[in-house]
Amino acid sequence: MDAALPDVAAGRRFYGELLGWTFGGTVPEYGSYTQAFHDGKNVAALAGKPDGRMPTVWSVYLSTADAVATARRVRAAGGAVIMEPVRTGDFGTVAVVADPDGAVFNLWQAGSHAGFEAQGQPGEYGWAEVYTRQPERADAFYADVFGLRAEPDEDAGAPGVVRWVPAGGPAGARHAVGGRGLIGTHYPAEMPAHFLTYFVVEDCDAAVAATQRLGGRIVIDPVTTPHGRSSVVVDNQGARFAVIDTRTRGDAPAG
């Protein structure tokens, strides 16, 4: 995961206080890229936007052993390749792609940078899911390109949500690697298909209050489900993400 921000220094202050991150030095040739650490382990990164017209977003990188071959599968499955695979020094090879509904994500063929060194605990990455208006087409795309099998997520608290598990592997939430939700009629008509990233926190309500204190805002108020208590927020520069307290669990709200 990384965030493309107008002001990396402001991002360091925001996420440093909200999630307890520390940061390494910047790499100017890659947009002032700076690695984020939690308890000394790599958990995310921030980078400056090279063009102010680009969106301020958190981006998902999906791992592949061969970025060129995966980019070909993206096209064959009805997606688009926005940026062809390119090497980033010895770190790895990256490509920017989109699924058939336009949700943008990245491919990552690791070199020296393998990705997360820690995840799933407070201050770390927890989950990612794509939101789409074309659920059947999306499920077929991620199955064709990555071999992910969609299975219903009855605990999600919303209808039509699925989780992805690797094809040929065991079923169930314990083995899921991501998920797919729906952009329903209650969302703005102009909202595009997109990935949403969840970061784990000790206390969802405290994290939401801290987000507001640091200049961010709430998009979806905290809600408690069998997966945990979560909220969708926006940081002080406009990047959307979610926070989730996985220790606080309860029945999903009706409707």
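Source: prediction; values computed, not measured.

Engineer: Give a description of the overall build of the protein that names residues and reports values.
Structural biologist: Of regular secondary structure, the protein possesses four helices and 17 strands. Here the C-alpha radius of gyration of the protein, 18 Å, is about what a compact globule of 255 residues would show, namely 18 Å. Residues classed as buried in the protein amount to 47% of the 255 residues present. A separation of at least 24 residues holds for 53% of the contacts in the protein among residues at least 6 apart in sequence. Total accessible area computed for the protein in this model is approximately 12,100 Å², and 53% of it derives from carbon and sulfur atoms. Charge separation in the protein, taken as the distance between the mean sites of 21 positive and 29 negative side-chain charges, equals 3 Å.

Engineer: Would you mind going over the sheet that holds strand S8 (residues 92-98) in detail, with residue names and values included?
Structural biologist: If you trace the four strands from one edge of the open sheet to the other, you get S6-S9-S8-S7, paired in mixed fashion. Strand pairing shows two members of the sheet lacking a second neighbour, strand S6 (61-63) and strand S7 (80-88), which therefore form its edges. Within the sheet, the average angular offset between the axes of one strand and its neighbour, ignoring direction, is 25°. Bridge count for S8 against strand S9 (residues 104-110) is seven bridges, and the pairing is antiparallel. Across the sheet, Val97 pairs through a bridge with Phe105, a residue of S9. In the packing of helix H3 (residues 135-146) onto the sheet, contacts are made with S6, S8 and S9, and the angle to S9 comes to roughly 10°.

Engineer: Can you break down the nonpolar core residue by residue, with the values?
Structural biologist: Grouped together as the largest cluster of nonpolar side chains are 49 residues, with contacts concentrated most on Tyr15, Trp21, Trp58 and Phe241. For this core, the element with the highest residue contribution is helix H1 (residues 8-19), accounting for five residues. Here Trp21 is in contact with Tyr15, Gly16, Ala36, Phe37, His38, Val43, Ala44, Trp58, Gly123 and Phe199, once residues within four sequence places are set aside. With ten residues, the next largest nonpolar core counts Tyr187, Met191, Val200 and Ile244 among its residues.

Engineer: Go over the pairing of strand S10 (residues 125-132) with me, naming the residues and quoting the values.
Structural biologist: Across the eight residues of S10, six count as buried, placing the element largely inside the fold. The sheet contact formed by S10 and strand S14 (residues 194-200) spans six bridges and is antiparallel. When the sheet's bridge partners are listed, Ala128 is paired in S14 with Thr197. Across four bridges, S10 lies against strand S13 (residues 178-182) in parallel orientation. Across the sheet, the residue bridging to Tyr131 is Gly181, located in S13.

Engineer: Kindly report on the sheet that holds strand S4 (residues 41-48), identifying the contributing residues and their values.
Structural biologist: Taken in spatial order, the five strands make up an open sheet running S2-S3-S4-S1-S5, and their pairing is mixed. Pairing within the sheet leaves two strands with one partner each, and these edge strands are strand S2 (22-27) and strand S5 (57-59). Averaged over all pairs of adjacent strands, the angle between strand axes in this sheet comes to 25°, irrespective of strand direction. Relative to strand S3 (residues 33-38), S2 is paired through four bridges, and the arrangement is antiparallel. Along S3, the bridge assignment pairs Phe23 with Ala36. Sheet strands in contact with H1 are strand S1 (2-5), S2, S3, S4 and S5, and its direction is about 150° off that of S4.

Engineer: Residue-level account of the packing of H1 against helix H4 (residues 204-213), with values.
Structural biologist: Viewed as axis vectors pointing N to C, H1 and H4 meet at an angle of 155°, and their least axial separation amounts to 10 Å. As far as their axial angle goes, H4 and H1 are roughly antiparallel. The two elements H1 and H4 cross, and the hand of that crossing is right-handed. For the pair formed by H1 and H4, the contact residues are Phe14, Glu17 and Leu18 on the first element and Ala207, Ala210, Thr211 and Arg213 on the second. Here the residues of the contact of H1 with H4 are counted per class, giving four nonpolar, one polar and two charged.

Engineer: Describe the environment of Gly78, naming the residues involved and giving the relevant values.
Structural biologist: Inspection of the secondary structure puts Gly78 in the loop between helix H2 (67-76) and S7. Measuring from C-alpha to C-alpha, the distance between Gly78 and Asp39 comes to 41 Å, with 39 residues separating the pair along the chain. Here Gly78 is in contact with Pro100 and Arg137, once residues within four sequence places are set aside.

Engineer: I'd love a proper account of the packing of aromatic side chains, names of residues and values included.
Structural biologist: What the rule picks out here adds up to 20 aromatic pairs. The interplanar angle of 55° and the centroid separation of 5.6 Å between the aromatic rings of Tyr15 and Phe241 together place this pair among those described as tilted. Residue Tyr15 is located in helix H1, and its partner Phe241 is located in strand S17 (residues 240-245); the two are separated by 226 residues in the primary sequence. With 6.3 Å between their ring centres and 55° between their planes, Tyr131 and Tyr187 make a pair best called tilted. With Tyr131 in strand S10 and Tyr187 in the loop between S13 and S14, the pair connects residues that are 56 residues apart, well separated along the chain. An aromatic cluster is built from Phe14, Tyr15, Trp21, Phe23, Trp58, Phe199 and Phe241, whose rings are joined through pairwise contacts.

Cut-off values and rules
Residues numbered from 1 in each chain as written. Predicted model: local features only at pLDDT ≥ 70, side-chain atom pairs only at ≥ 80, totals over all residues. Heavy atoms only, no water. Helix = DSSP H or I, 4+ residues; strand = E, 2+ residues; numbered from the N terminus. Rg over C-alpha atoms; globule rule 2.2 N^0.38 Å. Buried < 20%, exposed > 50% of the residue type's maximum accessible area, 1.4 Å probe, protein only. Contact = heavy atoms within 4.5 Å. Areas by Shrake-Rupley, 256 points an atom, 1.4 Å probe, with all protein chains shown as cover. Lys, Arg positive; Asp, Glu negative; His and termini not counted. Charge placed at Lys NZ, Arg CZ, Asp CG, Glu CD. Pairing = 2+ DSSP bridges. Axes fitted to C-alpha atoms, helices over the stretch in contact; angles between N-to-C directions. Core = buried A, V, L, I, M, F, W, Y, C linked by side-chain atoms within 4.5 Å. Parallel < 35°, antiparallel > 145°, perpendicular 65-115°, else oblique. Left-handed = near helix turned anticlockwise from the far one by under 90°. Nonpolar A, V, L, I, M, F, W, Y, C, P; charged D, E, K, R; others polar. Phe/Tyr/Trp six-rings, centres within 6.5 Å; stacked < 30°, edge-to-face > 60°.

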